[in-house]
Amino acid sequence: MALKEYQRKRRFDVTPEPPPKVARVRKKKLSFVIQKHRASHLHYDFRLEWQGVLLSWAVPKGPSLDPSSKRLAMAVEDHPLEYAKFEGIIPAGEYGGGTVMVWDRGTYEPEEPDVGKSVRKGELKFTLHGEKLQGSWVLVRTRGESSRSWLLIKHRDEYASAKKDITVSQPRSVISKRLLAEIAFDAGGDVDKAASADPVEALQALIKNPRTRAPRKKAAVWHSNRAGS
Ligand code: MN
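Residues numbered from 1 in each chain as written. Predicted model: local features only at pLDDT ≥ 70, side-chain atom pairs only at ≥ 80, totals over all residues. Heavy atoms only, no water.

## Details of the environment of Leu128
The residue Leu128 is located in strand 7 (residues 123-130) in this model. With 126 residues separating them along the chain, Leu128 and Ala2 place their C-alpha atoms 35 Å apart. The residues contacting Leu128, other than those within four sequence positions of it, are Phe32, Phe46, Thr107, Tyr108, Leu133, Gln134, Gly135 and Trp137. (Helix = DSSP H or I, 4+ residues; strand = E, 2+ residues; numbered from the N terminus. Contact = heavy atoms within 4.5 Å.)

What follows is the structure, given as structure tokens:
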């Protein structure tokens, strides 16, 4: 932009002066995160980076790799980008009180470049490059423009599967390898409540062989009023 006048005054097919390079601003990849959150009810917070915030949906059953299994996704308030790294406990009695796990993370590519426009339209198609989730997905709003209710659906591709329930087969954190119960334990949270959202098989394996316990992490507690909100 700043070189417009320089460009306007010169004919680069005639002058040996250098033409302005096409601004090759390396487009930073957009990130996504899915946080498994055992609050009053278990849900998976599905968050997509857009314009400096995380657009957020709460998915009670979590994502499904089965294209015929449409998962309810309730639009919730945008979250700050830093929230993507949060894993730990929200104190009981606070908003969202309970245990939070970073269940998946990675980058995403929207099919249409203007994500805001797609959200307003009520249909957002994207490709996920996560540690657990891959391939093509869509979020589609149901019941009109003012509705907060959306569906998260896997498109048919090589990453789709009707057999595997990925929330059961891959229940651990992608950043600490911990189960929810372990995260709650480390942070002094409600272990029973957190464990109620871990798959039974994973908990039983842990009890049988406590050496499989993920290395203990420093306790993290989210203070929702930290930013003065
Ligand atoms: Mn939540």
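Don't stop here, the text continues.
## Structural notes on the environment of Ser173
In this structure, Ser173 sits in the loop between helix 3 (166-169) and helix 4 (180-186). C-alpha separation for the pair Ser173 and Met101, spaced 72 residues apart in sequence, amounts to 5.8 Å. When near neighbours in sequence (up to four residues on either side) are disregarded, Ser173 contacts Glu87, Met101, Val102 and Arg178. Engagement of the side chain of Ser173 in a polar contact is seen with the side chain of Glu87, the distance being 2.7 Å. Engagement of the side chain of Ser173 in a polar contact is seen with the backbone nitrogen of Ser176, the distance being 2.9 Å. (Polar contact = N/O pair within 3.5 Å; in protein donor to acceptor, adjacent residues only side chain to side chain.)

## What to know about the pairing of strand 4 (residues 71-80)
Looking at chain direction, strand 3 (residues 53-59) and strand 4 are connected through five bridges and run antiparallel. By the bridge assignment, Val53 is partnered in strand 4 with Pro80. In this sheet, strand 9 (residues 149-154) lies alongside strand 4 in antiparallel orientation, the contact comprising four bridges. By the bridge assignment for strand 9, Arg71 is matched with Leu152. (Pairing = 2+ DSSP bridges.)

## A look at the pairing of strand 2 (residues 42-50)
The element strand 2 is largely enclosed, with a buried count of eight among its nine residues. Pairing geometry for strand 1 (residues 30-38) and strand 2, over seven bridges, is antiparallel. Looking at strand 2, one finds that Ile34 is bridged to Phe46. Between the end of strand 1 and the start of strand 2, which pair antiparallel, lie three residues. The sheet contact formed by strand 2 and strand 3 spans seven bridges and is antiparallel. Across the sheet, Trp50 pairs through a bridge with Val53, a residue of strand 3. What sits between the antiparallel neighbours strand 2 and strand 3 is a turn of two residues, in which Gln51 has the positive phi angle 50°. (Buried < 20%, exposed > 50% of the residue type's maximum accessible area, 1.4 Å probe, protein only.)

## Some details on the pattern of salt bridges
Here the structure, examined in full by the defined rule, presents nine salt bridges. One salt bridge in this structure joins Asp45 and Arg47, with 3.5 Å as the shortest N-O distance. Between Asp186 and Arg178 there is a salt bridge whose closest N-O contact spans 2.7 Å. Taken individually, Asp186 and Arg178 each receive the classification buried, so the pair is uniform in this respect. (Salt bridge = Lys/Arg side-chain N within 4 Å of Asp/Glu carboxyl O.)

## A look at the side chain of Asp198
Assignment of secondary structure puts Asp198 in the loop between helix 5 (191-195) and helix 6 (200-208). Buried Asp198, no salt bridge; nearest opposite-charge side chain is Lys36, N-O distance 4.3 Å. Of the polar contacts made by the side chain of Asp198, one reaches the backbone nitrogen of Ala181; its length is 2.8 Å. (Lys, Arg positive; Asp, Glu negative; His and termini not counted.)

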